Amino acid sequence: MQISVFRRPALLLASFLALTACGTSYQLPVIDNAVASEASAMFDTAQAAETRSPASLQSGVNRFRRVARRIEPVARTLCERELQNNSDVDCNVTLHIDTEMPVRNAYFSYGAPGYRNPEVHFTIPMLRDAANDDEIAFILGHEYGHLLGQHIQKGDQQALAGAILLGAIAAYGNAQAASAGQYYDPNDVTRAVHLGGALGQRAFSQTYELESDMLGARIAAAAGYDPVRGAQYFARGESARSANGKLSFWGTHPPDEKRLAVVIATMEQIRQQQNQQ
Ligand SMILES: [Zn+2]
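To keep things clear, this report deals only with the structure shown in the data block. (Residues numbered from 1 in each chain as written. Predicted model: local features only at pLDDT ≥ 70, side-chain atom pairs only at ≥ 80, totals over all residues. Heavy atoms only, no water.)

1. Regarding the state of the cysteines
Here is step 1 of the chain: By the definition in use, this model includes 1 disulfide.
Here is step 2 of the chain: Note that C79 is cross-linked by a disulfide to C91, the S-S spacing being 1.9 Å. Measuring handedness by torsion sign, the sulfur bridge of C79 and C91 sits at about -75° and is left-handed. Of this pair, C79 sits in helix 3 (residues 57-82) while C91 sits in the loop between helix 3 and strand 1 (94-98), and the two are 12 residues apart along the sequence.
Here is step 3 of the chain: In this structure C91 comes out as buried when scored by relative accessible area, which is 9%. (Disulfide = S-S within 2.5 Å. Helix = DSSP H or I, 4+ residues; strand = E, 2+ residues; numbered from the N terminus. Buried < 20%, exposed > 50% of the residue type's maximum accessible area, 1.4 Å probe, protein only.)

2. Brief notes about the pairing of strand 3 (residues 116-123)
Along a regular strand, successive side chains alternate from one face of the sheet to the other.
Here is step 1 of the chain: For strand 3, the tally of buried residues reaches 6 of 8 residues, placing the bulk of the element in the interior.
Here is step 2 of the chain: Relative to strand 3, strand 1 runs parallel, the two sharing 5 bridges. Among the inter-strand pairings, L95 is bridged to a residue of strand 3, identified as V120.
Here is step 3 of the chain: Here 6 bridges tie strand 2 (residues 106-112) to strand 3, and the two strands are oriented antiparallel to one another. Bridging across to strand 3, A112 finds its partner in R116.
Here is step 4 of the chain: Here strand 2 hands over to strand 3 after 3 residues, with G114 in that stretch at a positive phi of 75°. (Pairing = 2+ DSSP bridges.)

3. A look at helix 10 (residues 257-276)
Here is step 1 of the chain: Taking 1.5 Å of rise per residue, 20 residues should cover 28 Å, and helix 10 covers 29 Å from first to last C-alpha, within 8% of that figure.
Here is step 2 of the chain: For helix 10, every residue scored as buried is listed here: R259, L260, A261, V262, V263, I264, A265, T266, M267, Q269, I270 and Q273. (Expected span 1.5 Å × (residues − 1).)

4. What to know about the sheet that holds strand 3
Here is step 1 of the chain: Pairing in this open sheet of 3 strands is mixed, and the strands run 1-3-2 from one edge to the other. Either end of the sheet is taken by a strand with one partner, and the two such strands are strand 1 and strand 2. Here the strands of the sheet are splayed against their neighbours by 35° on average, with no regard to which way each runs.
Here is step 2 of the chain: Set on the sheet, helix 3 makes contact with strand 1 and strand 3; between it and strand 1 the angle comes to about 170°.
Here is step 3 of the chain: The strands touched by helix 5 (residues 133-148) within the sheet are strand 1, strand 2 and strand 3, with strand 2 carrying the most contacts at an inclination of about 40°. (Axes fitted to C-alpha atoms, helices over the stretch in contact; angles between N-to-C directions. Contact = heavy atoms within 4.5 Å.)

What follows is the structure, encoded as structure tokens:
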């Protein structure tokens, strides 16, 4: 039993480590028409489902602990194995229940500078809103995916690169203006630097979310959960969401049937790999 838990994640991810042009560490699965229409139908069905009343706080917290006990060792082993060549990576994730944020949310962050002390946070409304263990397992796996994909580091690098590029363009433009005897406004450079940073972040966020969905699906599956069932959380009807879209899970994780398609396609890949063994 021990052996299978520790070996399966490596097998599931073995052939996926490849540097890709869009900055992800792993190749995303191809979504063919059959998968796309399956995702679309599933998304519509899940969206049309009746709104349930939230679970009690105690049962939500119990569910989180129950699922985390199974996800955590799988995800940590995977992190240590996949990122073993990167001595900067800290795979000891602390799981937190965020009791302050009043909206449904789950997020990944670092608790210390230098990308140390990785943390995953689930808010109370998120725990109470989950319909089943598969949803919590998938979302928890997804948050670990941001660690495995090194998304915060890459986002910072991208933002910096974008800022440097636009800063250089603005500086060049200002130098041209100055040499032509025109008015030189130093604030232009500052503004361009901020704009460049924002653009760099935004251009990568969707790709990183999909990569996290793929990794989350693999982690949840390796821990014995059903990621396709879990990912239907994305299709939850509008009325079940918080009015405060900015702070909620949907503020940073837009509902999108493509995400469900990535999870379905990932599961098909896993089945194919298992058949080949
Ligand atoms: Zn995410």
